Amino acid sequence: MADQPDQSSAVLQQILTSLSQSADQPQSSVSELIDFLNSTSGQSVPDNEDSEATAFRTLTQVHQFISSQSDQAIFDQLLFELPKAVSELGGVSERCLDVFESIIDRFVSMCGARDMLSVLGEALAYLTMKGGDYGYVVPLFSAFSRVFPCLKRRHFEQVKEATGIILKVLKTVSLELEDEAELQKMFDRAVGIANSIHAVCLKLEGGVYEKLCALLGLYVLEIMALVSMNFEVLSSQPFVLQLSSFFPFCGLSYLGLITGSDVDKISGIVIGDDEDLYVDCFSDIKCGASVSVIWGHASIEVATAADEDLTAVKVELQNNQTKRWQAFGMLKHILASVNLPWEVKKHAIDFLLSIRGGNISPCDKHSDFSSDMPGLLAILQAVQMVIMYTSDTELRKNAFDAFKWILADIPTSHRFNILKALITKSDSSSMIAILLDIVKGEMHKESCERMGNDEALQEENNAHPRSSLWTANVLELVELILRPPKGGPPSFPEHTDSVLAALNLYRYVLIAESRGKTNYTGVVSRSNLQKAYNEWLLPLRTLVTGIVAKNKNENDELAVDTLCTFNPVELVLYRCIELVEEKLKEST
């Protein structure tokens, strides 16, 4: 066994010697060399000293061979196979990587950077498709960093094509690679590629410079998103600091990132209408843009690296409704993400709460906000997800505060439609109950304003005229719950919370309209009373009565819990029936 390394080296040396002596027809020797290298990498064992020594010795022999050669025919034959074969050995250790990089440098000097980029891209795509060990990624990423500065022409086009491959591979591998140390090495090289692109930019000017800077900005934002998704906060910090330092060079500001304007600008330059490029390579840039600002919010050190004054950004968002709503649209990419850690989402909610309390420009109250509503609905749905799924009590409370504040930032003329959309799109009974309670609270607030019982609310109304929530639309919400569109009464026990909330809302509206001798909602119209009585309340009473009667005869814990759950529903239901019966008698 002791002679095996020497034997392996002798075999490799024989192959290399044969290759140097068959320059006219070297194909068979090339195949032998590639087979040998693939066999060596295939036998490599992670964290094994013997394997590492074999890999290093093999790479050194290959490097010595190509350093001694000047025959272009040999390099032309080796170009399309050798870098791919030695890349897997280059990932074994740091000293192996150093030798691999020297091999790449030699190929660049003999074959040119343009051809080398094509070979590296093909190798990266092929090895990723093949699957298995991802040890080749770090060496190949390192190779790209070394090749980019050697490009002589068509810098933007060639770097754009290469970064597309790099990002696709990075996304694929990061989803599957579980070893955090290996992930850190990979992302460290990915950041190194950004430094390499930056170095290329410094050599350029004019339109090419502008386009490559835009590409660098998109690349940095995509890496920022991927880093945030793949590491916990403490592990992310070094990468975030490095990536944030590129923002001033790329002309990216926190305000432009959090409103999306800078993202749109550089996307237009690089991506244009190429939907495939966006989906395959840059689908996370908006998440990266918003999370970049959130990192700055969480760490003064990060904001300093980005050369940003976050206080000024927050003041601008507080006082400019249009930009604030644009920020809402960007933050949804964080809050709706299933890949970002909860701590990042917690910082995002804190940021949301930090931009409330400003003034709305007087011209805003005359604007048509219809086109903004889909984005506002999306951010509210994203905050809902945080409320529903976080296990952190404080985060849930803060998220609910943020939810109510965003809702309050929406003009009343659109607020009801937003609430209705949230209710119809939600499949959580508890969340629907919360939303119905918010509707009831909004109606009560408006009622106080109308009666002049709250001077502060009256002043707010004078500043920002409101459309009434007291319309027939509110009865539609009640009907959605008590008589679902799919037919039949609501299902129990899964819809208990939403049914109770709908009954409470109906009772509140009926009592308020009766006491005020009004009928804004149409709730006291005889036809609506009869509809509620016959189509909502009586079928529900039959269902509830049957469930309660069945469980009263049982003595187990489940039956007791069911009775306790249904008790408030039963009480409010019978009160609603009494109120409707009274109003029907009055109308006869």
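Every value quoted in this text rests on a predicted model; they were computed, and no experiment measured them.

Caption draft 1: Expanded view of the overall build of the protein chain. Broken down by element type, the protein chain carries 30 helices and 0 strands. Taken against the 2.2 N^0.38 rule, which gives 25 Å for 588 residues, the C-alpha radius of gyration of the protein chain at 33 Å runs more than 25% over that of a compact globule. Along the longest, intermediate and shortest principal axes, the C-alpha atoms of the protein chain span 110 × 60 × 35 Å. By the burial criterion, 49% of the 588 residues in the protein chain qualify as buried. Within the protein chain, residue pairs in contact and separated by at least 24 positions form 74% of the contacts whose partners lie at least 6 positions apart.

Caption draft 2: Layout of the packing of aromatic side chains. All chains considered together, the criterion is met by 9 aromatic pairs. Seen from their ring centres, Tyr209 and Phe249 are 6.1 Å apart, and the 80 degrees between their planes marks the pair as edge-to-face. Separated by 40 residues along the polypeptide, Tyr209 in helix H11 (residues 206-230) and Phe249 in helix H13 (residues 247-250) bring together distant segments of the chain. Ring plane angle 80 degrees and centroid distance 5.8 Å describe the contact between Tyr506 and Trp536, whose orientation is recorded as edge-to-face. Placement of the pair is Tyr506 in helix H28 (residues 496-516) and Trp536 in helix H29 (residues 526-552), with a sequence separation of 30 residues. Relative accessible area serves as the criterion here: at 2%, Tyr506 is assigned to the buried category. Joined through ring pairs, the aromatic side chains of Phe187, Phe231 and Phe239 make up one cluster. In this arrangement the basic side chain of Lys440 is found over the ring face of Tyr508, its NZ or CZ atom lying 6.0 Å from the centre.

Caption draft 3: Focus on a positive patch on the surface. The grouping of Arg114, Lys152, Arg153, Arg154 and Lys203 at the surface amounts to a positive patch. Its place among the elements puts Arg154 in the loop between helix H8 (137-147) and helix H9 (155-176).

Caption draft 4: Fine view of helix H20 (residues 321-335). Over its 15 residues, H20 runs 20 Å from end to end, which matches the ideal 21 Å to within 8%, given 1.5 Å per residue. The N-cap of H20, judged by a side-chain oxygen 3.1 Å from the amide nitrogen of Thr322 a few residues on, is Asn320.

Caption draft 5: Quick look at a negative patch on the surface. Taken together, the side chains of Asp47, Asp179, Glu180, Glu232 and Glu343 make up a negatively charged region of the molecular surface. The partly exposed category is assigned to Glu343, whose relative accessible area is 42%.

Caption draft 6: A look at the side chain of Ser51. Checked against the element boundaries, Ser51 lands in helix H3 (residues 49-67). Residue contacts for Ser51: discarding those within four places in its chain leaves Gln43, Ser44 and Val45.

Caption draft 7: Layout of the nonpolar core. Counting residues in each nonpolar core, the largest one holds 203 residues, and the members touching the most others are Phe148 and Tyr506. If near-sequence neighbours (up to four positions away) are discounted, Phe148 is found in contact with Leu117, Val159, Ala162, Ile166, Ile193, Ser196, Ile197 and Val200.

Caption draft 8: Quick look at the environment of Thr322. You can see Thr322 is positioned in helix H20. For the pair Thr322 and Leu89, spaced 233 residues apart in sequence, the C-alpha to C-alpha distance is 54 Å.

Caption draft 9: Just the environment of Thr58, in detail. Positionally, Thr58 belongs in helix H3. Residue classification places Thr58 among the buried residues on the basis of a relative accessible area of 3%. Between the C-alpha atom of Thr58 and that of Pro374, which follows or precedes it by 316 residues, the distance is 60 Å.

Caption draft 10: Inspection of helix H24 (residues 412-425) at higher detail. In a regular helix each residue adds 1.5 Å, so 14 residues correspond to 20 Å; H24 covers 20 Å between its end C-alpha atoms and thus fits that length. For H24, the set of buried residues is Thr412, His414, Arg415, Phe416, Ile418, Leu419, Ala421, Leu422 and Ile423. Those residues of H24 that are buried lie in contact with helix H22 (373-389), helix H23 (393-408), helix H25 (429-451) and helix H27 (473-482).

Caption draft 11: Region of the structure containing unusual backbone geometry. Unlike most non-glycine residues, Arg154 shows phi in positive territory, near 50 degrees. Although it is not a glycine, Asp307 sits at a positive phi angle of roughly 60 degrees. Topologically, Asp307 is positioned in the loop between helix H18 (300-305) and helix H19 (310-319).

Caption draft 12: Quick look at the packing of H8 against H9. Packing of H8 against H9 brings their axes to within 12 Å, and their N-to-C directions diverge by 160 degrees. Taken as axis vectors, H8 and H9 run roughly antiparallel relative to one another. With respect to the hand of their crossing, H8 and H9 are arranged in left-handed fashion. Facing H8, whose interface residues are Val137, Phe141 and Phe144, H9 presents Ala162, Ile166, Leu170 and Val173.

Caption draft 13: Geometry of the pattern of salt bridges. All told, the structure shown has 22 salt bridges when counted by the stated rule. For Lys346, the salt bridge identified is with Asp392, shortest N-O distance 3.6 Å. Pair noted here: Lys346 is in helix H21 (residues 342-354) and Asp392 is in the loop between H22 and H23, with a separation of 46 residues, a long-range link. With a relative accessible area of 25%, Lys346 lands in the partly exposed category. Among the residues examined, Asp392 registers a relative accessible area of 27% and is labelled partly exposed.

Reading guide: rules and limits
- Residues numbered from 1 in each chain as written.
- Predicted model: local features only at pLDDT ≥ 70, side-chain atom pairs only at ≥ 80, totals over all residues.
- Heavy atoms only, no water.
- Helix = DSSP H or I, 4+ residues; strand = E, 2+ residues; numbered from the N terminus.
- Rg over C-alpha atoms; globule rule 2.2 N^0.38 Å.
- Buried < 20%, exposed > 50% of the residue type's maximum accessible area, 1.4 Å probe, protein only.
- Contact = heavy atoms within 4.5 Å.
- Phe/Tyr/Trp six-rings, centres within 6.5 Å; stacked < 30°, edge-to-face > 60°.
- Lys NZ or Arg CZ within 6 Å of the ring centre and 35° of its normal.
- Patch = residues over 30% accessible without salt bridge, like charges linked within 9 Å, V, L, I, M, F, W, Y side chains within 5 Å.
- Areas by Shrake-Rupley, 256 points an atom, 1.4 Å probe, with all protein chains shown as cover.
- Salt bridge = Lys/Arg side-chain N within 4 Å of Asp/Glu carboxyl O.
- Lys, Arg positive; Asp, Glu negative; His and termini not counted.
- Charge placed at Lys NZ, Arg CZ, Asp CG, Glu CD.
- Expected span 1.5 Å × (residues − 1).
- Polar contact = N/O pair within 3.5 Å; in protein donor to acceptor, adjacent residues only side chain to side chain.
- Core = buried A, V, L, I, M, F, W, Y, C linked by side-chain atoms within 4.5 Å.
- Axes fitted to C-alpha atoms, helices over the stretch in contact; angles between N-to-C directions.
- Parallel < 35°, antiparallel > 145°, perpendicular 65-115°, else oblique.
- Left-handed = near helix turned anticlockwise from the far one by under 90°.

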